[in-house]
Amino acid sequence: MLRYVTLRIAYSLLVIIGVSLLVFVILHLIGNPVDIMLPLSATDEERAQLEHQLGLDRPLLEQLKDFMAGLIRLDFGMSWWQKEPALGIVLERMPATFQLVLFSFVVAAAISVPLGIIAAYRPGSTLDRILTAAALTGICLPTFWVGLMLVTVFAVNLGWFYTSGYGTVRHLVLPVLALSIVPAGRIAQVLRFSMLDQLNQQYVTTARAKGLDEKTVIFKHALKNAAPAVVTTIGVDLGRMLGGISSPVEHVFAWPGFGNLIIDTIQHQDFPLLQACVFVVAVIITGINLLTDLSYALFDPRIKL
């Protein structure tokens, strides 16, 4: 177990460094941010002056060397846009995104797990078809559109919640609902198929033949064995949302999170801040992947790490 975790952490570090290097090289090859930062009327002298000020006129290898030294110290430099340490800006935005995403997954799990179990228990029934159609609809709906509809109905027309902002439960409810739609549909679908597979296994037939009640068969045996597929889905979705996929919802609700920061960073072509964002995303995703892999052993004792 310890050897496995150590190896995975070592691999994760290599991935984080590799991704950071790849982004650095691509950013410095695709174009010059000075073209965006200065107006079209700027003279060549003004462009050269800003390039010198940002250090972009130095040889690429020299810039790469400084970037690697900063990466080791977790220092990505000052943001060109906000004039503050880049990593500090990113970490300051993460709690808002963590709050939004984690509550969304709680809501998604509360909706999807019962639906997935019910649909799998009665395959082919009218209820199964309705629940499957509802799950597919949830997956297909764009989150920004769901957010706009929720704002129109529950904030503008009914006045129950705030249209945007951050800090209270009335700010939190609508973005959480908007963000939970897609993972709820996906988890329900995965759980349905996984539960169906387990309920058709020989051990379930044997358990029923021995007289075990349906509650024990479903929740203690079938659901436990179906859990790894669901955990994998949750891990992937969680990583994507914490990595910035939540940005449309954050943008609709003016939520001061990481997703909104990524959009602003790209618009400003702020290299230090963008590199800090990529680094944090890489750390989050590799960390979630590691925790997901470790969790498999909890559900299936046959898995040895």
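Residues numbered from 1 in each chain as written. Predicted model: local features only at pLDDT ≥ 70, side-chain atom pairs only at ≥ 80, totals over all residues. Heavy atoms only, no water.

So, about the overall build of the protein. Along the backbone of the protein there are 13 helices and zero strands. In the protein, the order of α-helices and β-strands from amino to carboxyl end is α-α-α-α-α-α-α-α-α-α-α-α-α. If you line up the protein on its principal axes, its C-alpha atoms span 85 × 55 × 30 Å. By the burial criterion, 43% of the 305 residues in the protein qualify as buried. Of the contacts formed within the protein by residues at least 6 apart in sequence, a portion of 72% connects residues at least 24 apart. (Helix = DSSP H or I, 4+ residues; strand = E, 2+ residues; numbered from the N terminus. Buried < 20%, exposed > 50% of the residue type's maximum accessible area, 1.4 Å probe, protein only. Contact = heavy atoms within 4.5 Å.)

To continue, consider the confidence of the model for the protein. For the protein, the mean per-residue pLDDT works out to 87, and 98% of the residues sit at or above 70. Helix 7 (residues 143–157) holds the highest mean pLDDT among the elements of the protein, 93, whereas helix 2 (residues 34–37) holds the lowest, 78. (pLDDT = per-residue confidence, 0-100.)

Attention now goes to empty space enclosed by the protein. This structure, assessed with the given rule, holds one cavity of 30 Å³ or more. Here the largest cavity is characterised by a volume of approximately 40 Å³. What lines the largest cavity is L115, G116, A119, L131, T132, A135, A188, Q189 and R192. Per-class residue counts for the lining of the largest cavity are five nonpolar, three polar and one charged. (1 Å grid on protein atoms, 1.4 Å probe; cavity = no way out; pocket = protein on both sides within 12 Å on 5 of 7 lines; lining within 4 Å. Points joined across faces, edges and corners; volume = space filled by probe spheres on them. Nonpolar A, V, L, I, M, F, W, Y, C, P; charged D, E, K, R; others polar.)

Moving on to helix 10 (residues 214–245). Count 3.6 residues to each turn of an α-helix, and residues three or four apart come out pointing the same way. Spanning 32 residues, helix 10 covers only 39 Å between terminal C-alpha atoms, well under the ideal 46 Å at 1.5 Å per step. The axis of helix 10 is deflected most strongly, by about 45 degrees, at L223. (Expected span 1.5 Å × (residues − 1). Bend = angle between axes of the 7 residues up to and from the residue.)

Our next topic: the pattern of salt bridges. The full count for this structure, using the stated rule, is eight salt bridges. Note that D66 is salt-bridged to R58, the shortest N-O span being 2.6 Å. We classify R58 as partly exposed; its relative accessible area is 31%. Notably, a salt bridge pairs E214 with R208, separated by 2.8 Å at the nearest N-O pair. Residue classification places E214 among the partly exposed positions, given a relative accessible area of 28%. The network of salt bridges with common partners includes R58, E62 and D66. (Salt bridge = Lys/Arg side-chain N within 4 Å of Asp/Glu carboxyl O.)

Further remarks concern unusual backbone geometry. We note that K83 has phi near 60 degrees; this positive angle belongs to a residue other than glycine. Tracing the sequence through the fold places K83 in the loop between helix 4 (60–72) and helix 5 (86–121). The exposure class assigned to K83 is exposed, which follows from its relative accessible area of 56%. Residue A254 is not a glycine yet carries a positive backbone phi of 50 degrees. When you line up the elements, A254 lands in the loop between helix 11 (247–252) and helix 12 (258–268).

The subject of this paragraph is the packing of aromatic side chains. Each aromatic ring pair is summarised here by two numbers: the centre-to-centre distance and the angle between the ring planes. Enumeration according to the criterion identifies six aromatic pairs in this entry. For the ring pair F76 and F279, a centre distance of 5.2 Å and an interplane angle of 50 degrees mean the geometry is tilted. With a gap of 203 residues between them, F76 in the loop between helix 4 and helix 5 and F279 in helix 13 (residues 271–299) connect regions that are remote in the sequence. Taking the relative accessible area as the measure of exposure, F76 reaches 8% and is therefore buried. With a relative accessible area of 13%, F279 lands in the buried category. The interplanar angle of 40 degrees and the centroid separation of 5.8 Å between the aromatic rings of F154 and W160 together place this pair among those described as tilted. (Phe/Tyr/Trp six-rings, centres within 6.5 Å; stacked < 30°, edge-to-face > 60°.)

Okay, the packing of helix 9 (residues 202–209) against helix 10 next. For the pair helix 9 and helix 10, interaxial distance at closest approach is 10 Å and the crossing angle is 160 degrees. What the angle tells us is that helix 9 and helix 10 run roughly antiparallel. Like other packed secondary-structure pairs, helix 9 and helix 10 cross with a definite hand, here right-handed. Residues Y203, V204, A207 and R208 of helix 9 lie in contact with helix 10, whose contacting residues are E214, V217, H221, A222 and N225. Residue classes in the contact of helix 9 with helix 10 are distributed as five nonpolar, two polar and two charged. (Axes fitted to C-alpha atoms, helices over the stretch in contact; angles between N-to-C directions. Parallel < 35°, antiparallel > 145°, perpendicular 65-115°, else oblique. Left-handed = near helix turned anticlockwise from the far one by under 90°.)

Moving on: the packing of helix 5 against helix 13. Contact geometry of helix 5 with helix 13 gives a least axis separation of 8 Å together with a crossing angle of 50 degrees. In terms of orientation, helix 5 lies oblique with respect to helix 13. Of the two elements, helix 5 crosses helix 13, and the hand of that crossing is right-handed. Within the contact between the two elements, helix 5 uses A86, L87, I89, V90 and M94 and helix 13 uses P272, L273, A276, C277, F279, V280 and I284.

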